[in-house]
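# Analysis of the macromolecular model
Okay, here's what each chain looks like letter by letter:
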Amino acid sequence: MSTRTTRAPRTDRPERPAAAREVPDHEVVIVGGGFSGIGTAIVLDRAGFSDYLLLEAGDGLGGAWHWNTYPGVAVDIPSFAYQFSFEQISGWSRVYAPGAELKAYAEHCVDKYDVRRRTRLRTTVTATTFDDAQHLWRIDTADGATITARYVVGATGVLTQPKLPDIEGLTEFTGTLMHTARWDHDVDLTGRRVAIVGTGASAVQAIPHIAEDAAHLTVFQRTPIWCLPKPDAPLPGPARAALRMVPGAKRISRLVSQTFVEATFPVAAHFAGLVPMAKVGEQIGHAYLRQAVKDPVTREKLTPQYALGCKRPSFSNSYLPTFNRPDVALETTSIEAVTATGVRTADGVEHPVDVLVLATGFKVFEKGNMPPFTVRGADGIDLDKWWEENRFQAYQGVSVPNFPNFFTILGPYGYNGSSYFNLIETQSAHIVRALTHARRVEATRVEVTPEANAAYLESVRGRRKHQVFYQPSCGLANSYYFDDHGDVPFRAATTLETMWAANHFPLDAYAFTG
């Protein structure tokens, strides 16, 4: 980590008379209308912070579940765990709900908790600037407006901006080109030659459905993904009725689901050196691969050479068997270029293509994505530049020194890999605790101290020796988990630990002034 000295929060700033203080438009502005923003809005409102405005760039709410509508899109953990603890529903059609049901759940929450009234759609935030004198944020939007707020919560997530591959000739392709995150439902794949670039989580879900329609499908794979059998099943009416009517049924199903998720990622990935869960998962993965794929050559190509957990694994009962189809080809030779009518690989072979699908993921730890707007903190310090010079870091994934009154839901070292809804509720609880204390002491400026931030960073980095990410085989994974510094800014902690910390962190970790 950089040894650059972090500027301490100033407590000697001259105070203006109360009459000179500018009253902000809103107490809190939340940027992002996915589940992060929706959940934060609900938690804030329930805690008495009702003067908020939620800004969303899109034309609808739901975040990833609004934008991602590709064939087969579904939640990748059991639905019972993929919902707010305070708003558990029993209407899921499957153990792993399809994307449309998650979108409907978002709309349900927005309406039930009166979030829509305090939401502004089609509003892209371009920059946020902290006013040192007024202790508030000035939020600039693409339509030329400026909104002021005492506090800003960045809830844009990281899987929001589709990433296009750096392939020569991509713009020269004369067929149909689309990214899985921006699926064009007007395109009919029936009887057409389709190629898909990438074999990540989205591709695993989409490929079996594309293969059903296309005349021929070519899958271009750079790195194979660990694919495990999916414990999925339909939830018939009687099962849903039981969840609705039997006392404690929803809580039990949620607990079982969360335990499964906890074992398959947080424990397996962060404590691999202590608990060999990943090894067990690898054995299951190898056995499933042998059973699912008939051709030994294809099977070998689909076999990961890195440890389970180095990159995001997937669960599917249909992905691997798709490669048994005679009209599906797996191509592992690297792509040299995209031509006007197809894809040329490094061996000189050109694969004719009518529809080219990019399943190439998102800009994750790239500059300008976390968050996807400029953030200028105290004394004009730029957040992207500060992270570039000091490495990604944030106190419990929520706050960064030099950026008063600014909080994030998915900040560095905040997410431990459990249900995303656990993260939202945990981080929102942290924010509410800080803001409640600020209100109690009549502070207008809340800033994490450099000492608290440094101690937290040291503690999470100190657990690296047990994490799966830092073993040698992960160098073969091409994982988006790693940033430019070679760090994996996940929170090495169990979910229970993150929940406890959000409600018990020392309040003197922050400087409350004004």
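## Overview of helix α1 (residues 35-46)
For α1, with 12 residues, the first-to-last C-alpha span of 16 Å sits near the 16 Å given by 1.5 Å per residue. In terms of residue burial, α1 counts as a mostly covered element, since 10 of its 12 residues are buried. Among the residues of α1, F35, S36, G37, I38, G39, T40, A41, I42, V43 and L44 are the ones counted as buried. The secondary structure elements touched by the buried residues of α1 are β1 (26-31), β2 (52-55), α2 (64-67), α3 (99-112), β6 (146-154) and α11 (420-440). With its phi angle positive at about 100°, G48 sits one or two positions after the end of α1.

## Considerations on the confidence of the model for the protein chain
Looking at the protein chain, the pLDDT average stands at 94 and 96% of residues meet or exceed 70. A low-confidence stretch, residues 1-19 stays under pLDDT 50, and its non-local contacts, those more than four residues away or across chains, total 38 contacts.

## Regarding the environment of T126
Among the secondary structure elements, T126 is positioned in strand β4 (residues 125-131). Taking the C-alpha atoms as reference, T126 lies 5.0 Å from F373; in sequence the two are 247 residues apart. Apart from residues no more than four positions distant in its own chain, T126 is found in contact with D140, T141, A142, F373 and T374.

## Side note on a nonpolar patch on the surface
The grouping of L274, V275 and M277 at the surface amounts to a nonpolar patch, some 240 Å² of accessible area in total. Position of M277 relative to the elements: it lies in helix α8 (residues 277-292). Looking at M277, the relative accessible area reads 33%, which means it is partly exposed.

## Quick look at the side chain of E425
Among the structural elements, E425 can be located in helix α11. Although E425 is buried, it forms no salt bridge, and the closest oppositely charged side chain is R254 at an N-O distance of 4.2 Å.

## Quick look at the pattern of salt bridges
A pair can form between side chains of opposite charge whenever their charged atoms are brought close. If you walk through the whole model with that rule in mind, you get 24 salt bridges. The salt bridge involving D354 is made with R193; its shortest N-O contact spans 3.0 Å. With D354 in the loop between β15 (350-352) and β16 (355-358) and R193 in strand β8 (residues 193-197), this pair connects stretches of sequence that are 161 residues apart. A relative accessible area of 21% means that D354 is categorised as partly exposed. Relative accessible area serves as the criterion here: at 37%, R193 is assigned to the partly exposed category. Across the pair D327 and R325 runs a salt bridge whose closest N-O atoms are separated by 3.0 Å. Looking at R325, the relative accessible area reads 26%, which means it is partly exposed.

## A look at helix α13 (residues 495-504)
When α13 is considered as a whole, its buried residues turn out to be T495, T498, A501 and A502. With its buried residues spanning 125° around the axis, α13 presents them on a single face. Of the exposed residues in α13, those oriented more than 90 degrees away from the buried face are L496 and W500.

## Details of the sheet that holds β16
Pairing in this open sheet of 5 strands is parallel, and the strands run β7-β16-β8-β9-β12 from one edge to the other. A single partner strand is all that each edge strand has here, and the edge strands are β7 (176-179) and β12 (328-331). Taking the axes of each pair of neighbouring strands and ignoring which way they run, one obtains an average angle of 15° across the sheet. In terms of strand pairing, β7 meets β16 through 4 bridges, oriented parallel. Counterpart to M178 in the pairing with β16 is V357.

## A word on the packing of α1 against α11
Relative orientation of the contacting elements α1 and α11 amounts to 40°, with a least axis distance of 9 Å. Here α1 lies oblique to α11, going by the angle between them. Considering how the two elements wind past one another, α1 and α11 form a crossing that is right-handed. In this structure, α1 uses F35, S36, G39, T40, V43 and L44 to contact α11, whose residues at the interface are Y420, F421, I424, S428, V432 and L435.

## What about the state of the cysteines?
Tallied over the full model, the rule gives 1 disulfide. Here C310 engages in a disulfide with C474; their sulfurs sit 1.9 Å apart. Between C310 and C474, the disulfide has an S-S torsion of -75° and is therefore left-handed. In this pair, C310 sits in the loop between α9 (296-301) and β11 (314-315) while C474 sits in the loop between α12 (450-461) and α13, placing the two residues 164 residues apart along the sequence. In this structure, C310 and C474 share a single accessibility class: buried. You can see C227 has no disulfide; the closest cysteine sulfur is in C310, sitting 17 Å from it.

Definitions and limits used
- Along each chain, the written sequence defines residue order, and numbers are assigned to residues from 1.
- Local features in this predicted model are restricted to residues of pLDDT 70 or higher, and side-chain atom pairs are both shown and tallied only at a pLDDT of 80 or more, whereas totals for entire chains, interfaces and linings draw on every residue.
- Side-chain metrics in this entry use all non-hydrogen atoms of the structure; hydrogen atoms and water are not considered.
- Every helix listed is a DSSP run of H or I at least four residues long, and every strand listed is a run of E at least two residues long, numbered separately from the N terminus.
- By definition here, a helix of n residues has an expected span of 1.5 Å times n minus one.
- Buried residues are those whose accessible area, probed at 1.4 Å on protein chains only, stays under 20% of the maximum for their type, while exposed residues exceed 50% and partly exposed ones sit between those limits.
- Pairs of residues are marked as contacts when any of their non-hydrogen atoms sit within 4.5 Å.
- Values of pLDDT, which run from 0 to 100, indicate the predictor's confidence residue by residue.
- Patches draw on residues past 30% relative accessible area with no salt bridge. Two like charges within 9 Å are joined, as are two nonpolar side chains (Val, Leu, Ile, Met, Phe, Trp, Tyr) within 5 Å.
- Note that accessible areas follow from Shrake-Rupley with a 1.4 Å probe, and for residues the cover is restricted to the protein chains shown.
- Counted as salt bridges are all cases of a side-chain nitrogen of Lys or Arg within 4 Å of a carboxyl oxygen of Asp or Glu.
- Only four residue types enter the tally: Lys and Arg on the positive side, Asp and Glu on the negative side; His and the chain ends are excluded.
- Summarising the geometry, the arc corresponds to the directions from the helix axis toward the C-beta atoms.
- Two strands are said to pair when DSSP picks up at least two bridges between them.
- The angle between two axes is taken between their N-to-C directions and runs from 0 to 180 degrees, where each axis is a line fitted to C-alpha atoms and a helix contributes only its stretch in contact.
- Each angle is binned into one of four classes, with values under 35 degrees roughly parallel, values over 145 roughly antiparallel, values of 65 to 115 roughly perpendicular, and all other values oblique.
- For any pair of crossing helices, the crossing counts as left-handed if the nearer helix is rotated counterclockwise from the farther one by less than a right angle, and right-handed if it is rotated clockwise.
- In this description, the term disulfide denotes a pair of cysteine sulfurs within 2.5 Å.

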